[in-house]
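Structural overview
Here's the letter readout for the chains.
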Amino acid sequence: MSEDDFFTEKQTDGVHLSLKVRRWLLRQKTQYQELVLAETTELGRLLALDGKVMLTEADEAFYHEMLVHPTLLSLDNPQLVAVIGGGDGGTVREILRHPSVQRVFWVEIDEAVLNACKELLPSVHRGAFDDPRVELVIAPGEEWLPKFRETFDAIIVDGTDPIGPALPLFEPPFFQACRQALKRDGILSLQCGTPFYFRDEVRMVWRNLKQVFEQVKLYLGFVPTYPSGLWAYAIAGNFLPNLDAADLHRRCQQRGLTNFRYYSPEVHIASFALPPFVQELLQ
Ligand code: AG3
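Residues numbered from 1 in each chain as written. Predicted model: local features only at pLDDT ≥ 70, side-chain atom pairs only at ≥ 80, totals over all residues. Heavy atoms only, no water.

**Some words on the sheet that holds strand β12 (residues 230-237)**
Each strand in a sheet pairs with its neighbour through backbone hydrogen bonds, running either in the same direction (parallel) or in the opposite one (antiparallel). On the basis of which strands lie adjacent, the open sheet formed by seven strands has the order β8-β7-β6-β9-β10-β12-β11 and mixed pairing. Of all strands in the sheet, those with a lone pairing partner are β8 (134-138) and β11 (215-222), marking the two edges. Shown here is a sheet whose adjacent strand axes are inclined to one another by a mean of 15 degrees, direction ignored. Two elements, strand β6 (residues 80-85) and strand β9 (residues 152-158), share five bridges in a ladder whose sense is parallel. Residue glycine 85 lies in a different strand from β9, and its bridge partner there is aspartate 158. Sitting on the sheet, helix α6 (residues 172-181) is in contact with β6, β9 and β10 (182-191), with an inclination near 140 degrees to β10. (Pairing = 2+ DSSP bridges. Helix = DSSP H or I, 4+ residues; strand = E, 2+ residues; numbered from the N terminus. Axes fitted to C-alpha atoms, helices over the stretch in contact; angles between N-to-C directions. Contact = heavy atoms within 4.5 Å.)

In structure tokens:
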């Protein structure tokens, strides 16, 4: 068995994750990054950018559900949503499940990623590219967003790690732009890495958000193919409602939301309970 049969992410200098590959589907240097799509032996198709796992078919729903639903279910009537990044379409797919949503601006920097995912990851986007509510914009999010004022009910940032080219999406100027582009009770959510290996990054994102928003909360989910599996998300706004599981159940029912793989109202509530080693990062 040769090493070529594996895709390996160097999660840290000393910890690597290797997924056995049955077939390489695409290896391409785009204008922005190195794109890999492959069929793994155990976890379905894999999307990687710059050597980092973005998703596998086996666990992408864990991530996309937890990035989207805590935010959209916190809003009474989300209509206008902006997604920054998320070229595979999984985030947009989950947003479109909310019947009140009228328009999704999907802002992705790399057209090559969009084209590859549209063709090779149909189980992830499930038609999101062709939904009439979706407006696709090819642009860097940090350049596109600043022209909006009090426009969006939610902004969801589905970027790569908060290091390297995606860093501007985790810095105060971009968060300021998000705040201005959100309606008064609008909500921002984003992924911010693993509190186990990426402590400095999680702390940096937390501090940057706190500088800009009245209320910021961190919550956790499990994504087996991401570093350590324990993944942090942040939710921020001027006003974050306190909903209990009964409220969330009611909203899910009203919106016809069933058949989640990871999300549930109980998981939603529990995901905000932070272990001491994570709380320490936020001091
Ligand atoms: N967005 C965040 C992936 C970060 C994973 N990091 C890593 N493997 N080091 C993924 C895009 C999915 N829509």
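**Here's the deal with the sheet that holds strand β3 (residues 34-40)**
Taken in spatial order, the five strands line up as β1-β2-β3-β4-β5 in an open sheet, and their pairing is antiparallel. Each having just a single partner strand, β1 (6-10) and β5 (52-56) make up the two edges of the open sheet. The sheet shows a mean angle of 45 degrees between the axes of neighbouring strands, taken without regard to direction. Sheet topology places strand β2 (residues 16-29) next to β3; seven bridges connect them, and they run antiparallel. In the sheet register, leucine 26 faces β3, and the bridge partner there is leucine 37.

**Section: the pairing of β1**
Side-chain direction in a regular strand flips from residue to residue, so the side chains alternate between the two faces of the sheet. Only one face of β1 is buried, namely the one carrying Phe7 and Glu9, since none of Phe6, Thr8 and Lys10 on the opposite face is buried. Here five bridges tie β1 to β2, and the two strands are oriented antiparallel to one another. Counted as the bridge partner of lysine 10 is histidine 16 from β2. In this antiparallel pair of consecutive strands, β1 and β2, the connection spans five residues. (Buried < 20%, exposed > 50% of the residue type's maximum accessible area, 1.4 Å probe, protein only.)

**Observations concerning the site of the ligand**
Lining the immediate surroundings of the ligand are 14 residues, of which Glu9, His64, Asp88, Asp158 and Asp161 lie closest. Aspartate 88 has a polar side-chain atom sitting 2.6 Å from a nitrogen atom of the ligand. Measuring from a nitrogen atom of the ligand, one finds a side-chain N or O atom of aspartate 158 at 2.6 Å. If the ligand stood free it would expose 400 Å²; the protein chains cover 99% of that surface. (Near = heavy atom within 4 Å. Polar contact = N/O pair within 3.5 Å; in protein donor to acceptor, adjacent residues only side chain to side chain. Areas by Shrake-Rupley, 256 points an atom, 1.4 Å probe, with all protein chains shown as cover.)

**Considering the environment of arginine 255**
Following the sequence through the fold, arginine 255 ends up in the loop between α8 (245-254) and α9 (265-270). Its relative accessible area of 10% is what places arginine 255 among the buried residues. With 155 residues separating them in the primary sequence, arginine 255 and serine 100 have C-alpha atoms 8.1 Å apart. Setting aside residues up to four positions removed in sequence, arginine 255 forms contacts with Leu72, Leu73, Leu75, Asp76, Asn77, Pro78, Arg97, His98 and Pro99.

**Quick notes on the domain arrangement of the protein**
Looking at the protein, the domain boundaries give domain 1 (6-56) and domain 2 (60-281). Placing a centre on the C-alpha atoms of domain 1 and another on those of domain 2 gives a separation of 22 Å. Taken together, both faces of the contact between domain 1 and domain 2 bury some 1,900 Å²; the carbon and sulfur share is 69%. It is Gln11, Tyr32 and Leu55 in domain 1 that bury the most area against domain 2; as a group they hold 26% of the surface buried on that side. Our enumeration of links across domain 1 and domain 2 arrives at five residue pairs in polar contact (both at pLDDT 80 or more). Listed by contribution, the elements that provide at least two residues to the side of domain 1 that touches domain 2 are β2, β3, β4 (45-49) and β5. (Domains from an automatic or database assignment. Buried area = accessible area lost by both parts, 1.4 Å probe.)

**Brief notes about the nonpolar core**
Among the nonpolar cores identified, the biggest contains 43 residues, and Leu72, Val92, Ile95, Val104 and Tyr233 are the most heavily contacted of them. At six residues, helix α1 (residues 60-74) tops the list of elements feeding residues into this core. Two domains each put at least three residues into this core: domain 1 (6-56) and domain 2 (60-281). Those residues within four positions of isoleucine 95 in sequence are excluded, and the remaining contacts are Val68, Leu72, Val81, Val83, Val101, Val104 and Ile156. (Core = buried A, V, L, I, M, F, W, Y, C linked by side-chain atoms within 4.5 Å.)

**Concerning α6**
For α6, the full list of buried residues reads Phe174, Phe175, Ala177, Cys178 and Ala181. For α6, the angular spread of buried residues about the axis comes to 155 degrees, placing them on one side. On its buried face, α6 sits against β6, α5 (141-144), β9, β10 and α7 (199-212). (Arc of directions from axis to C-beta.)

**Comments concerning α7**
For α7, which comprises 14 residues, the first-to-last C-alpha distance of 21 Å matches the rise-based estimate of 20 Å (1.5 Å per residue) to within 8%. All of the buried residues along α7 are Glu201, Val202, Val205, Trp206, Asn208, Leu209 and Val212. Taken down its axis, α7 places every buried residue within 165 degrees of arc, on the same side. For α7, the exposed residues lying more than 90 degrees away from the buried face are Asp200 and Gln211. (Expected span 1.5 Å × (residues − 1).)

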